[in-house]
Amino acid sequence: MASFPFRIGQGFDVHQLVPDRPLILGGVKINHELGLKGHSDADVLLHAICDAILGALALGDLGKWFPDNDDKYKNIDSQILLKDVLNSPQLKGWALVNLDCTIIAQQPQMAPHIDAMRENIAKLFWVKEDKISVKATTTEKLGFTGRGEGIAAQAIVMLAKD
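It should be emphasised that the depicted structure is a prediction, and the values quoted were computed from it without experimental measurement.

Parameters at a glance
- Residues numbered from 1 in each chain as written.
- Predicted model: local features only at pLDDT ≥ 70, side-chain atom pairs only at ≥ 80, totals over all residues.
- Heavy atoms only, no water.
- Pairing = 2+ DSSP bridges.
- Helix = DSSP H or I, 4+ residues; strand = E, 2+ residues; numbered from the N terminus.
- Axes fitted to C-alpha atoms, helices over the stretch in contact; angles between N-to-C directions.
- Left-handed = near helix turned anticlockwise from the far one by under 90°.
- Contact = heavy atoms within 4.5 Å.
- Nonpolar A, V, L, I, M, F, W, Y, C, P; charged D, E, K, R; others polar.
- Expected span 1.5 Å × (residues − 1).
- Buried < 20%, exposed > 50% of the residue type's maximum accessible area, 1.4 Å probe, protein only.
- Right-handed = clockwise from strand over helix to strand, strands pointing away.
- Salt bridge = Lys/Arg side-chain N within 4 Å of Asp/Glu carboxyl O.

Q: Quick question: what am I supposed to make of the pairing of strand β1 (residues 6-18) here?
A: A regular strand carries its side chains on alternate faces of the sheet. Of the pairings in the sheet, the one linking β1 to strand β7 (residues 150-161) comprises eleven bridges and is antiparallel in character. Within β7, the residue paired with Asp13 across the bridge is Ala153. Pairing geometry for β1 and strand β4 (residues 35-36), over two bridges, is antiparallel. Bridging across to β4, Leu17 finds its partner in Leu36.

Written out as C-alpha cells, the structure reads:
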C-alpha cells in the first residue's frame, strides 16, 4: 500500500458561556463578562486545533489524550495541551502545511483579537503566521451560539511528511 506525504484533519469543539470564568481563545485572554466552562481553560479554538492534528494522524481525540476526569488537567492552559500534542513522538517527521480555523460566536466581537490569536498559534507551531488562518462568524442570532449560550470553533489542518 502506498504511503502519501500529506494528511488532513478536522476538529470541532463547543463550550458553554458562563459567569466567573475567563474567556480565552487561541491562547488570548479576551475581556468579556462571560467565559467558557470546561475542565481545562475551555479554549475551544485550541481544542479544535488539537483534535484536527490528532485526527490527521488517526491518533484519537483530545478526550483520549487529556481525559476530563483526570485532575492534573483541571483548569490547565490549553496551550500546554497543544504543545504536548505538537511535541509528541507521533508527530515526528510531520510539518504543518497550513491551519484554517473558524470561531463561531455571536459575542464578543472577535475581529480585534484575531491577529493576536494568529500570532500566538504560529508561535506554538513554530511557524510563520502566513500558515495560520483564524476567522470568526456569527450565526445571525440563531442557535446556541446566536443566543450567546456558548462558543464553537472548527479547525482544518494539513500536515506533510517532513
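Now, onward.
Q: In this structure, what is going on with the packing of helix α3 (residues 78-86) against helix α4 (residues 114-125)? I would like to understand it.
A: When two helices pack together, their arrangement is given by the angle between the helix axes and the distance between those axes. It is at 10 Å that the axes of α3 and α4 come closest, and there the two elements cross at 35 degrees. Seen along the crossing, α3 lies across α4 with a hand that is right-handed. Facing Gln79, Leu82, Lys83 and Leu86 of α3, the residues of α4 in contact are Asn120, Leu124 and Phe125. Among the residues making up the contact of α3 with α4, the classes are represented as four nonpolar, two polar and one charged.

Q: Before we go on, may I ask you to explain helix α1 (residues 44-56) in this structure?
A: Residues spaced three or four apart along an α-helix point in a common direction, a consequence of the helix completing one turn every 3.6 residues. Here α1 spans 18 Å end to end across 13 residues, near enough to the 18 Å set by a 1.5 Å rise per residue. Of all 13 residues making up α1, twelve are buried, and the element is well covered by its neighbours. Considered for burial, the residues of α1 that qualify are Val44, Leu45, Leu46, His47, Ala48, Ile49, Cys50, Asp51, Ala52, Ile53, Leu54 and Ala56. At the C-terminal side of α1, Ala58 shows a positive phi close to 55 degrees.

Q: I'm lost on α4 in this one. Help?
A: Compared with an ideal rise of 1.5 Å per residue, which puts twelve residues at 16 Å, α4 spans 17 Å between its outermost C-alpha atoms and is within 8% of the ideal. Along α4, the residues classified as buried are Ile114, Met117, Asn120, Ile121, Ala122, Leu124 and Phe125. Along its buried surface, α4 packs onto β2 (23-25), β3 (28-30), α1, α3, β5 (94-104) and β6 (132-137). Downstream of α4 by a residue or two, Trp126 has a phi angle that is positive, lying close to 60 degrees.

Q: Looking at this structure, I do not really get the pairing of β5. What am I missing?
A: Here β5 runs beside β7; their pairing, made up of ten bridges, is antiparallel. Bridge assignment links Trp94 to a residue of β7, and that residue is Lys161. Sheet topology places β5 next to β6; six bridges connect them, and they run parallel. Looking at β6, one finds that Thr102 is bridged to Lys135. In this fold, the crossover linking β5 to β6 by way of α4 has right-handed handedness.

Q: How do you make sense of the pattern of salt bridges when you look at a structure like this?
A: Here the idea is simple: oppositely charged side chains can pair when their charged atoms come close. This model, assessed by the stated rule, comprises three salt bridges. The partner of Lys135 in a salt bridge is Asp100, and the shortest N-O contact between them spans 2.4 Å. One end of the pair, Lys135, is in strand β6; the other, Asp100, is in strand β5, and 35 residues separate them in sequence. Accessibility expressed as a relative area gives 30% for Asp100, which makes it partly exposed. For Lys123, the salt bridge goes to Glu119, with nearest N and O atoms at 3.3 Å. Here the residue Lys123 and the residue Glu119 both occupy positions in helix α4, the gap between them amounting to four residues, near one helical turn.

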